[in-house]
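Residue strings, one per chain:
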Amino acid sequence: MAEIEKRIETHRIRCLSKLKMFLLAITCAFVSKTLSGSYMNSMLTQIERQFNIPTSLVGFINGSFEIGNLLLIIFVSYFGTKLHRPILIGVGCVVMGLGCFLQSLPHFLMDRYEYESTVSVSGNLSSNSFLCMENGTQIFRPTEDPSDCVKEVKSLMWVYVLVGNIVRGIGETPIMPLGISYIEDFAKSENSPLYIGFVETGAIIGPLIGLLLASFCANVYVDTGSVNTDDLTITPTDTRWVGAWWFGFLICAGVNVLTAIPFFFLPKTLPKEGLKNNADIIKNEKEEKQSEKVKKEKDGITKDFLPFMKSLLCNPIYMLFILISIVQFNAFVNMFTFMPKYLEQQYGKSSSDAIFLIGIYNLPPICIGYIAGGLIMKKFKITVKQAAHIGCWLSLIEYLLHFLCFLMICDNSSVAGITTTYKGMQQDLYVGNTILADCNRDCNCPTKTWDPVCGNNGVSYMSACLAGCETSVGAGINMVFQNCSCIQTSGNASAVLGLCDKGHDCSMMLQYFLILSAVGSFIYSLSAIPGYMVLLRCIKPEEKSLGVGLHTFCTRVFAGIPAPIYFGALVDSTCLHWGILKCGESGACRIYDSTNFRYIYLGLPSALRGISYIPAFLILITLKKRRLPGENVSSGTVLIEAKVAGKENDCKDMHQNSKVLNDDELKTKL
């Protein structure tokens, strides 16, 4: 008897360790996939500038990940449960690594990046080359050779990034649905929220590492090592700066391939956690699995697909939850995709600083919220109906706090001829071409080239020539322009390269915005695990994997793909000045109307999230009248455990009764 108990205990520990090993492996997979995703999102601005494409096209490139994902998500979610799930996840990680490598290829196939500039790199040419000289000639002119235009403007190297993102989306497909369903199938129902909380924590650690990596790469010049960075006339705060976006993709490729290795050594199935401490139950499980296997081989693997789909589509709570997810995903995809650009344009930060601040302020609170949400679900044994209320009301509180962001604003950068007049007065942003003024009309300056300088009067100018500057001192980024006729100030009118700083008040507004963002991220993530439990428990156990896959499919199709495209087009509509290439075609946007950008960035997600609370309240009403399959499953598990305990008690009672009878017989004989 002792030997049997020892064997059962050894079997239990071995299965438990395998579940923990899978939990560790799937957490690492979530880290690697979200590392790649967050890095890609953070590099969108760099890709936009590298290839001189509009924000709407960048949004399409970003959404191409979802295109690759939805190609396989439904089939992987359903058929994946019939196959070897860990191996499928491992193959997916390898494919993600291949996609990241493809995204880095354009850097090695393209020429060096050239930014538009009116200033000589060395600064030692005669002043009439790029400064204001009456009756001078304009040195910056369109290229005369048409072949150079085709080579520069019509380059389609960004297609590599597009295809790589699609491949990365294909590789990511099995990780989420198969990983979550594997945990749900073999973990205790009360442990499942905690385990999923740990996995989702991995999905936050990944973006944190990705954002730190992106912050580092964005601060390194794209062609570092092949050009002398001391000769550059731009800094990371300049909208023409392009960081080493390709380097991070190579790192992401290596991490994804390494993450795949453990999955090839994990088993296809495990005994249910918590139900393997009794030999009879283990035996019954094996018999049931064997009979199920035989039945599947007889009936075919696709027999239940249509009935499962019909059951899910007729489940009102599940469909309402999908509707909520689609609307809220539209809001959050837009906010997180364009948050670095928003911090750049609204608060005057560099891409590197913006990405770093997002990682430091937003991701740790989300990580803590995920873990806390899972612990609360486990500690207090929250029911599905209670979880729905917790998720809804916490989300509503965060939504109301979000409106305070409208108060944390900065004015547009003062750029003469675009946002202000040359006298320093505010002007209508869309009145047309007012780039030239009396002070620079005779300078023969290029009127479309973006090469900003900051005057000592606190106003920025599109170029040193348009500021009326006649002489320059120094070289590279330390160049100083003097005798500037358009800069109205007492003493010597001078200017330096780059836009003027937005000031201390704007920096304080940024701090308030980031603190509010951190608080909101924590509250919303605290509601995420209870909300996700509603999704998992409102569907039958056998439909769980397909249900998660269908949910992911819908959010990809109706939010992940279209949201960055239409939001990018709206952001493009707020552009005040487009970059110009040598052939005269438009490049990337250089400066936005920060007021309209703010209305779009904060207002549109607020409207979408407000709409999502209508189906949320309908779910709360429906839950009062409906018994969920998830409740039946958990109660069934409790029933099995109760039966086991009952059998043990019956055995004890029979043993005690027989002992009493034996004592009575002995007394009678005596």
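A. The arrangement of the overall build of the chain in detail. Counting its secondary structure elements, the chain contains 21 helices and seven strands. Scored against the burial criterion, the 670 residues of the chain give a buried share of 53%. Roughly 30,100 Å² of accessible area belongs to the chain as shown, and the carbon and sulfur atoms make up 63% of that amount.

B. Spatial organisation of the pattern of salt bridges. Inspection of every chain in the model, using the stated rule, returns 10 salt bridges. The partner of R556 in a salt bridge is E172, with the nearest N and O atoms 3.0 Å apart. Residue R556 is located in helix α18 (residues 544-560), and its partner E172 is located in helix α7 (residues 158-172); the two are separated by 384 residues in the primary sequence. Among the residues examined, E172 registers a relative accessible area of 3% and is labelled buried.

C. Up close: the sheet that holds strand β5 (residues 494-497). On the basis of which strands lie adjacent, the open sheet formed by five strands has the order β2-β1-β5-β4-β3 and antiparallel pairing. In the strand order of this sheet, the two ends are held by β2 (460-461) and β3 (471-473), each with one partner. Bridge count between β3 and strand β4 (residues 480-482): three bridges; the pairing is antiparallel. Across the sheet, S472 pairs through a bridge with F481, a residue of β4.

D. How the structure looks around the packing of aromatic side chains. Per the counting criterion, the structure on display carries 22 aromatic pairs. Both rings, one in F332 and one in Y524, keep their centres 4.8 Å apart while their planes meet at 50°; by these two values the pair is tilted. Here F332 is found in helix α13 (residues 316-337), whereas its partner Y524 is found in helix α17 (residues 504-537), with 192 residues between them in sequence. Its relative accessible area of 24% is what places Y524 among the partly exposed residues. On the numbers, 4.2 Å between centres and 15° between planes, the contact of Y342 with Y601 is stacked. Highlighted residues: Y342 in helix α14 (residues 339-347) and Y601 in helix α20 (residues 594-625), separated in sequence by 259 residues. No difference in accessibility class separates Y342 from Y601, as the two residues are buried. Members of the aromatic cluster, each reached through a chain of ring pairs, are Y342, Y347, F513, Y592, F597 and Y601. For K33, the ring lying beneath its charged end belongs to F30, and the centroid distance is 4.9 Å.

E. Summary view of the state of the cysteines. Counted under the stated rule, the structure contains six disulfides. Here C439 pairs with C486 through a disulfide, and the sulfurs are 1.9 Å apart. Its S-S torsion of about 100° marks the bond between C439 and C486 as right-handed, since a negative value means left-handed. Taken together, the residues span a long stretch of sequence, with C439 in the loop between α16 (384-402) and β1 (453-455) and C486 in the loop between β4 and β5 at a distance of 47 residues. For C445, the disulfide goes to C465, at an S-S distance of 1.9 Å. With the S-S bond torsion at -85°, the cross-link from C445 to C465 turns out left-handed. Linking C445 in the loop between α16 and β1 with C465 in the loop between β2 and β3, this pair joins segments that are 20 residues apart in sequence. Under the relative-accessibility criterion, C445 is labelled buried at 8%. Just so you know, C28 is unpaired, no disulfide at all, and the nearest cysteine sulfur is the one on C93, 9.7 Å from it. Judged by relative accessible area, C28 falls into the partly exposed class, the value being 36%. Free cysteine: C252, not disulfide-bonded; nearest cysteine sulfur from C100 at 5.1 Å.

F. Spatial organisation of the packing of α14 against α20. Packing of α14 against α20 brings their axes to within 10 Å, and their N-to-C directions diverge by 150°. Taken together, α14 and α20 sit at an angle that is classed as roughly antiparallel. As α14 packs across α20, the resulting crossing turns out to be left-handed. Counted together, M339, K341, Y342, Q345 and Q346 of α14 and S594, F597, R598, Y601 and L602 of α20 form the full contact between these two elements. Broken down by class, the residue content of the contact of α14 with α20 amounts to five nonpolar, three polar and two charged.

G. Representation of the nonpolar core. Core analysis: the largest hydrophobic core is formed by 129 residues, its most contacted members being I26, I183, F263, Y347, F513 and Y601. Take this core: its biggest share by element is 11 residues, from α17. Counting residues in hydrophobic clusters, the runner-up holds 31 residues, among them V459, C465, L466 and F481.

H. Layout of the environment of A518. Following the sequence through the fold, A518 ends up in helix α17. The spatial distance from the C-alpha of A518 to the C-alpha of P365 is 6.2 Å, given a sequence separation of 153 residues. The residues touching A518, leaving out its near neighbours within four places in the chain, are Y361 and P365.

I. Quick peek at α17. Helix length check: α17, at 34 residues, gives a terminal C-alpha distance of 50 Å against a target of 50 Å (1.5 Å per residue), a fit within 8%. Of all the bends found along α17, the most pronounced is centred on A528 and spans about 30°, while P530, a proline, follows it within four residues.

J. Summary view of the pairing of strand β7 (residues 586-592). Counted residue by residue, β7 has six buried out of seven residues, so it is predominantly covered. Note that strand β6 (residues 575-580) and β7 share four bridges and pair antiparallel. Pairing of C575 across the sheet is with Y592, part of β7.

About the thresholds
- Residues numbered from 1 in each chain as written.
- Predicted model: local features only at pLDDT ≥ 70, side-chain atom pairs only at ≥ 80, totals over all residues.
- Heavy atoms only, no water.
- Helix = DSSP H or I, 4+ residues; strand = E, 2+ residues; numbered from the N terminus.
- Buried < 20%, exposed > 50% of the residue type's maximum accessible area, 1.4 Å probe, protein only.
- Areas by Shrake-Rupley, 256 points an atom, 1.4 Å probe, with all protein chains shown as cover.
- Salt bridge = Lys/Arg side-chain N within 4 Å of Asp/Glu carboxyl O.
- Pairing = 2+ DSSP bridges.
- Phe/Tyr/Trp six-rings, centres within 6.5 Å; stacked < 30°, edge-to-face > 60°.
- Lys NZ or Arg CZ within 6 Å of the ring centre and 35° of its normal.
- Disulfide = S-S within 2.5 Å.
- Axes fitted to C-alpha atoms, helices over the stretch in contact; angles between N-to-C directions.
- Parallel < 35°, antiparallel > 145°, perpendicular 65-115°, else oblique.
- Left-handed = near helix turned anticlockwise from the far one by under 90°.
- Contact = heavy atoms within 4.5 Å.
- Nonpolar A, V, L, I, M, F, W, Y, C, P; charged D, E, K, R; others polar.
- Core = buried A, V, L, I, M, F, W, Y, C linked by side-chain atoms within 4.5 Å.
- Expected span 1.5 Å × (residues − 1).
- Bend = angle between axes of the 7 residues up to and from the residue.

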